[in-house]
Amino acid sequence: MARTSLTKTGDFGASPGRAIMPRAGAVGSLLSQYSLRLGDTLLRHRAELAERASRIEAELSNKVKSEFIANISHELRTPLNSILGFSKMLKQSDQAPLSTDQVSEYAEFILGSATNLLGVVNDVITVSKLQSRKFDIHLDAIDVEEALRSCSITATERANVAGIRFLSKIETDLPLIVADAEQLGATTSRLIDNGLNFTPQGGTVALTARLAAPGRVLVCVSDNGIGMTPDEVRLAMTEFGQIDNRLDRDHEGTGLGLPISKAITELQGGEFIVRSEKDKGTHVLMIFPVAEAAARPADAE
C-alpha cells in the first residue's frame, strides 16, 4: 500500500513524489476483459452482416427466378396461343372455306410458333442438364468451317427475312480445334439468333472465324444492334437474368442464350468473352485450343 502522511491542514494524503498505481495484475485483467468484449462485439457484428448479406442474396435470387418464371410462361403461352388459334381456323375451314394460300400461310405460322416453342423448351432442358452436370460433351478434333457451315446458311435465310445483312467470314485452312462439332454449331446458331433479335432492320450481324494467338482459333459473332452497358452484360450472363423483364418487351427470348453458350463453351475447354457497348453493338468471342496432334484430312491423305 502507498504510505500516507499528515499534511499541514491536518488531512491525510499520499506521500510526496509517490503516485498510487493499480497493481499489474489488475491492469492485465481489465485489458483481458476489454479484449473479450471487443471480440464478442466484432463476432456478433460479423454474424449480423453475413446474415443480412445472405438474406439480400436470397431475396434477389428469388426475385430474379420469379421474373424468369413470368417471362418463360409468357414465352410458352405466346406460341401455344398462336398454334391453337391457327389450328382452330384450319379445323373450321368447312364452315369458312380457306384458299390454298391461306392454308399455306396458317401452316407456316403454326410451324414457326412450334419451332419457337421447341427452342424455349430446349433451353430450359439444357439449363437443367448443365446445373445437374448431366450435359454430354463429345470432344474431338474438328474442322471449324465444316461445323459452322449449316448454321451460316440458316442465319442467312433468317437475316434476309428480317431485313438484316448477315456476313460470314470464315478463314480457309484453319487448323483443327478440340471441340464438340454439334455443340459448336448449336452455340453459334444461338448467338447469331441473339444478334438478329437485338439488331434493328438494316443492321448487320457477322460470323467470323480466324486464327488468333498461336495455338488458338477465334469464333466471333458480332452485331451493330442495341448493345449493353457493363451492368447489363453482367445481368445477361446470369442464368435467370434478363435485361428487359417487361412482358410487353420488344424482343423475344428466355434470357438464357448467353449463360448457356458460356457454359457449353467452357465445358469444351474454350474461353467465352462478351464485349458490348450501349447503342453500338455486341461482340461475343469463343476461343478454342488447336488440336496440335491432329493433322488436317488433306494432310492425312
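Because the structure is a prediction, the values reported are computed rather than measured. (Residues numbered from 1 in each chain as written. Predicted model: local features only at pLDDT ≥ 70, side-chain atom pairs only at ≥ 80, totals over all residues. Heavy atoms only, no water.)

What follows deals with the packing of helix α2 (residues 100-131) against helix α6 (residues 257-267). Interhelical geometry of α2 versus α6 gives an angle of 45° and a closest axis separation of 11 Å. Considered as vectors, α2 and α6 are oriented oblique to each other. α6 is crossed by α2, and the crossing has left-handed handedness. Taking contact as the criterion, the partners of Asp123, Thr126, Val127 and Leu130 in α2 are, on α6, Ile260, Ala263, Ile264 and Leu267. A per-class count over the contact of α2 with α6 returns six nonpolar, one polar and one charged. (Axes fitted to C-alpha atoms, helices over the stretch in contact; angles between N-to-C directions. Helix = DSSP H or I, 4+ residues; strand = E, 2+ residues; numbered from the N terminus. Parallel < 35°, antiparallel > 145°, perpendicular 65-115°, else oblique. Left-handed = near helix turned anticlockwise from the far one by under 90°. Contact = heavy atoms within 4.5 Å. Nonpolar A, V, L, I, M, F, W, Y, C, P; charged D, E, K, R; others polar.)

Turning our attention to the pattern of salt bridges. Inspection of every chain in the model, using the stated rule, returns seven salt bridges. Between Asp123 and Arg190 there is a salt bridge whose closest N-O contact spans 3.8 Å. Here Asp123 is found in helix α2, whereas its partner Arg190 is found in helix α4 (residues 181-197), with 67 residues between them in sequence. For the pair shown, Asp123 and Arg190 are each scored as buried. For Lys278, the salt bridge is made with Glu232, and the minimal N-O distance between the two is 3.2 Å. (Salt bridge = Lys/Arg side-chain N within 4 Å of Asp/Glu carboxyl O. Buried < 20%, exposed > 50% of the residue type's maximum accessible area, 1.4 Å probe, protein only.)

Counted according to the given criterion, the structure contains two aromatic pairs. Look at Phe86 and Tyr106: their rings are 5.2 Å apart centre to centre, the planes differ by 40°, and that puts the pair in the tilted class. Highlighted residues: Phe86 in helix α1 (residues 24-91) and Tyr106 in helix α2, separated in sequence by 20 residues. Cluster of aromatic residues (ring-pair linked, three or more members): Phe86, Tyr106 and Phe109. (Phe/Tyr/Trp six-rings, centres within 6.5 Å; stacked < 30°, edge-to-face > 60°.)

This part is about the sheet that holds strand β9 (residues 281-289). In spatial order, the strands read β4-β6-β7-β9-β8; together these five strands make up an open sheet with mixed pairing. Every other strand in the sheet has two partners, leaving β4 (165-170) and β8 (271-277) as the edge strands with one partner each. The average undirected angle you get between the axes of adjacent strands in this sheet is 10°. Where β4 and strand β6 (residues 204-211) come together, six bridges link them in parallel fashion. Bridge assignment links Lys169 to a residue of β6, and that residue is Thr208. Contacts between helix α3 (residues 144-162) and the sheet are confined to β4, β6 and β7 (216-223), with β4 contributing the most and set at about 170° to the helix. Docked against the sheet, α6 engages β8 and β9, running at close to 150° with respect to β8. (Pairing = 2+ DSSP bridges.)

Regions with low pLDDT carry predicted coordinates that are not meant to be interpreted in detail. Averaged over all residues, the pLDDT of the chain equals 80, while 77% of them reach at least 70. Segment residues 245-249: pLDDT under 50, and 10 contacts once partners within four positions in sequence are set aside and those in other chains are kept. (pLDDT = per-residue confidence, 0-100.)

Let us now look at the nonpolar core. One finds Val144, Leu148, Ile177, Leu184, Ile192, Leu207 and Leu258 to be the most contacted residues of the largest nonpolar core, which totals 33 residues. When residues of this core are assigned to their parent elements, the largest contribution, six residues, is made by α3. The residues touching Leu184, leaving out its near neighbours within four places in the chain, are Ile142, Ala147, Leu148, Ile177, Gln268, Met286 and Phe288. Counting six residues, the second largest nonpolar core, distinct from the first, contains Val127, Leu256, Ile260 and Ile264. (Core = buried A, V, L, I, M, F, W, Y, C linked by side-chain atoms within 4.5 Å.)

If you check which residues of α6 are buried, you get Gly257, Leu258, Pro259, Ile260, Ser261, Ile264 and Thr265. Residues of α6 that are buried in the fold lie against α2, α4, α5 (230-236), β8 and β9. Of the residues flanking the end of α6, it is Gly269, one or two places downstream, whose phi is positive at about 85°.

Further remarks concern unusual backbone geometry. In this structure, Asp173 takes a positive phi of about 60° despite not being glycine. Inspection of the secondary structure assignment puts Asp173 in the loop between β4 and β5 (177-179). Classification of Asp173 by relative accessible area gives exposed; the value is 64%. Of note, the phi angle at Asp279 is positive, near 65°, even though the residue is not glycine. As for its position among the elements, Asp279 is in the loop between β8 and β9.

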